[in-house]
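Report on the structure
Here is how the chains run, residue by residue.
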Amino acid sequence: TVCLGVYACQLWEPRSKGKGSENEGKAEKDGASDSETKPDTGLPEVPVTADDTPEVLNKALSGLSSRWKNWWVRGILTLAMIIFFFIIIYLGPMVLMMIVLCVQIKCFQEIIHIGYSVYHSYHLPWFRTLSWYFLLCVNYFFYGETVTDYFSNLVQREEPLRILSKYHRLISFTLYLTGFCMFVLSLVKKHYRLQFYMFGWTHVTLLIVVTQSHLIIHNLFEGMIWFIVPISCVICNDIMAYMFGFFFGRTPLIKLSPKKTWEGFIGGFFSTVVFGILLSYVMSGYSFFVCPVEFNSDHNSFEVDCEPSDLFQLQDYALPAALQSLTGWPTVRLYPFQIHSIALSAFASIMGPFGGFFASGFKRAFKIKDFANTIPGHGGIMDRFDCQYLMATFVNVYIASFIRGPNPAKVIQQLLALRLDQQLHIFNSLKTHLTERGLLEEAA
């Protein structure tokens, strides 16, 4: 019986094995067929970016461990970026706007390149062409709105600009509609799902990158201090959180970014709040930083000269009784903007890092370390500006909610676009209103 059982097993094994091999061969054949047709499923694979650290730094730091080597590379490149930041601030608002535009384009390119790296083998028609076309359309819309809002005198003076301003939104919509139709015409039957993935990819990228850079420029027009202080707070929080985490970090903060620690998060918060108060005190005393950026149509140049508002005038504030007994000061002399800077610093420290966590989750989804290797030790431009974009939205909302009223230039522009009889009616209504309030004397 035992011999018959062994013999039966010997007869059965080759048949089972052969059948399995046959199934495996069929699966391999099916897999090859699937790989040839490229279905709209599967895990993305993004090429790993190579180390782009300058050879000079590699040689100078060759004797250090990888941990300390990374610390020195990040520190040296951070110092270089801060110096570059000071230089562009010195060059004025026009250069700052151009840098914002360049950063926006580079961030867009890095994100779109990830999508192209994942799906380029599928030969999706017009993907990159349409992505850059939509970037052009959205920038035309937003920058056209900016020109209309802040360059009203120039627009009214030049006939071509006046026509473009009048029909700006119609032109923008027509441009977008052209791209939309091009996308529909590019649809390929076996790649429908992937093409709609990439269509959504492009539009979400536009929402994150282009919209936020537009808000940064709007913040800049309110005064360079609204541009410099928020960005500096994010930079300070990034540096100090890294420093506290590097030397004292023990407790992990979030699984999305394992190197982030509670020690770094808390240390970065307090450091950033103190830094924001000190930086605001220094900058509030200079009209170059606090005055709104205005375009002088007579000289065709930007001006930042004005009488600083009450927001940037020193005022006395009474301290709470507990602080009075502790410091011995009944009052403290501050700029009102310093109080606002606490809100900006707190947001940069508490909510700003969530932009970084979002970016970390995105990179983990595609199994990449950085968006690019543009800056050695730091990754791509998007890796450095992931928190800045979230900050830009908050600053714009904060200004609109607590600082800025209606835009007089925009109101005047809308009035000038009315018919003459409508303008005269508004003039008489305004005159009557001012007379009743005693601001104008009644005509004899």
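Residues numbered from 1 in each chain as written. Predicted model: local features only at pLDDT ≥ 70, side-chain atom pairs only at ≥ 80, totals over all residues. Heavy atoms only, no water.

With an unreviewed UniProt entry as reference, the protein is termed Phosphatidate cytidylyltransferase, source organism Esox lucius. Annotation of the protein in UniProt includes, under Sequence similarities (unreviewed entry), the sentence "Belongs to the CDS family." The record in UniProt for the protein states the following under Subcellular location (unreviewed entry): "Membrane". (UniProt positions renumbered as here; feature names shortened; annotations may be inferred.)

1. A few points about the packing of aromatic side chains
Going through the model one piece at a time under the given rule, you end up with 28 aromatic pairs. A ring pair is formed by phenylalanine 288 and phenylalanine 289, whose centres lie 5.3 Å apart and whose planes are at 75°; its orientation type is edge-to-face. The class for phenylalanine 288 is partly exposed, based on a relative accessible area of 31%. Overall, the relative accessible area of 18% leaves phenylalanine 289 in the buried class. Chaining the aromatic ring pairs together yields one cluster made of Tyr133, Phe134, Tyr176, Phe180, Phe183, Phe196 and Phe199. (Phe/Tyr/Trp six-rings, centres within 6.5 Å; stacked < 30°, edge-to-face > 60°. Buried < 20%, exposed > 50% of the residue type's maximum accessible area, 1.4 Å probe, protein only.)

2. Focus: the side chain of threonine 146
Summarising the element assignment, threonine 146 is placed in helix H5 (residues 127-150). For threonine 146, a relative accessible area of 5% corresponds to the buried category. (Helix = DSSP H or I, 4+ residues; strand = E, 2+ residues; numbered from the N terminus.)

3. As for the confidence of the model for the protein
Across the protein, pLDDT averages 82, with 84% of residues at or above 70. Within the protein, the element-level pLDDT minimum falls on helix H1 (residues 2-37), averaging 40, and the maximum on helix H8 (residues 168-185), averaging 96. Under a pLDDT of 50 for its full length, residues 1-43 has, in the predicted model, 15 contacts with residues more than four places off or in other chains. (pLDDT = per-residue confidence, 0-100. Contact = heavy atoms within 4.5 Å.)

4. Examining the packing of helix H10 (residues 224-248) against helix H14 (residues 336-350)
For the pair H10 and H14, interaxial distance at closest approach is 9 Å and the crossing angle is 40°. Comparing their axes, H14 and H10 come out oblique. Seen from above, H10 lies across H14 with right-handed handedness. The segment H10 lies against H14, with Ile225, Trp226, Val229, Pro230, Cys233, Val234 and Asn237 engaging Phe337, Leu344, Ser345, Ala348 and Ser349. Here the contact of H10 with H14 is built from residues that sort into nine nonpolar, three polar and no charged. (Axes fitted to C-alpha atoms, helices over the stretch in contact; angles between N-to-C directions. Parallel < 35°, antiparallel > 145°, perpendicular 65-115°, else oblique. Left-handed = near helix turned anticlockwise from the far one by under 90°. Nonpolar A, V, L, I, M, F, W, Y, C, P; charged D, E, K, R; others polar.)

5. Observations concerning the state of the cysteines
Taken as a whole, this structure holds one disulfide when the rule is applied. Paired by a disulfide, cysteine 291 and cysteine 306 hold their sulfur atoms 2.0 Å apart. Given an S-S torsion of about -95°, the disulfide between cysteine 291 and cysteine 306 has left-handed geometry. With cysteine 291 in the loop between helix H12 (287-290) and strand E3 (294-296) and cysteine 306 in the loop between strand E4 (301-303) and strand E5 (315-318), this residue pair connects regions lying 15 residues apart in the sequence. For cysteine 291, a relative accessible area of 0% puts it in the buried group. (Disulfide = S-S within 2.5 Å.)

6. Digging into the packing of helix H4 (residues 93-119) against H5
Between H4 and H5, whose axes approach to 11 Å, the crossing angle comes to 155°. The orientation of H4 relative to H5 falls into the category roughly antiparallel. The chirality of how H4 crosses H5 is right-handed. Contacts from Leu101, Gln104, Ile105, Phe108, Gln109, Ile112, Gly115 and Tyr116 of H4 reach H5 at Phe127, Arg128, Ser131, Trp132, Leu135, Asn139 and Tyr143. Its residues assigned to classes, the contact of H4 with H5 shows nine nonpolar, five polar and one charged.

7. Here we look at the nonpolar core
In summary, soluble globular proteins display a tendency toward joint burial of nonpolar side chains. Met224, Ile225, Trp226, Phe227, Ile228, Val229 and Phe337 are the most contacted members of the largest nonpolar core, which has 42 residues in total. Elements supplying a minimum of two residues to this core: helix H3 (66-91), H4, helix H9 (192-221), H10, helix H11 (262-283), H12, H14 and helix H16 (381-403). Here this core gets nine residues from one element, more than from any other, and that element is H10. Once you skip the residues sitting within four places of it in the chain, isoleucine 225 turns out to touch Pro230, Met283, Ser284, Phe289, Val290, Phe312 and Phe337. (Core = buried A, V, L, I, M, F, W, Y, C linked by side-chain atoms within 4.5 Å.)

8. Focus on the UniProt feature "transmembrane region" (unreviewed entry) in the protein
Feature annotation in UniProt assigns "transmembrane region" (unreviewed entry) to the following positions: residues 71-103, 124-143, 170-188, 195-217, 223-249, 261-283 and 337-359. Overall, residues 195-217 shows 100% helix and 0% strand. The separation of its end C-alpha atoms is 32 Å.

9. Describing a negative patch on the surface
Where like charges cluster on the molecular surface, the negative patch consists of Glu294, Asp298, Glu303 and Asp305. As for its position among the elements, aspartate 298 is in the loop between E3 and E4. The class for aspartate 298 is exposed, based on a relative accessible area of 68%. (Patch = residues over 30% accessible without salt bridge, like charges linked within 9 Å, V, L, I, M, F, W, Y side chains within 5 Å. Areas by Shrake-Rupley, 256 points an atom, 1.4 Å probe, with all protein chains shown as cover. Salt bridge = Lys/Arg side-chain N within 4 Å of Asp/Glu carboxyl O. Lys, Arg positive; Asp, Glu negative; His and termini not counted. Charge placed at Lys NZ, Arg CZ, Asp CG, Glu CD.)

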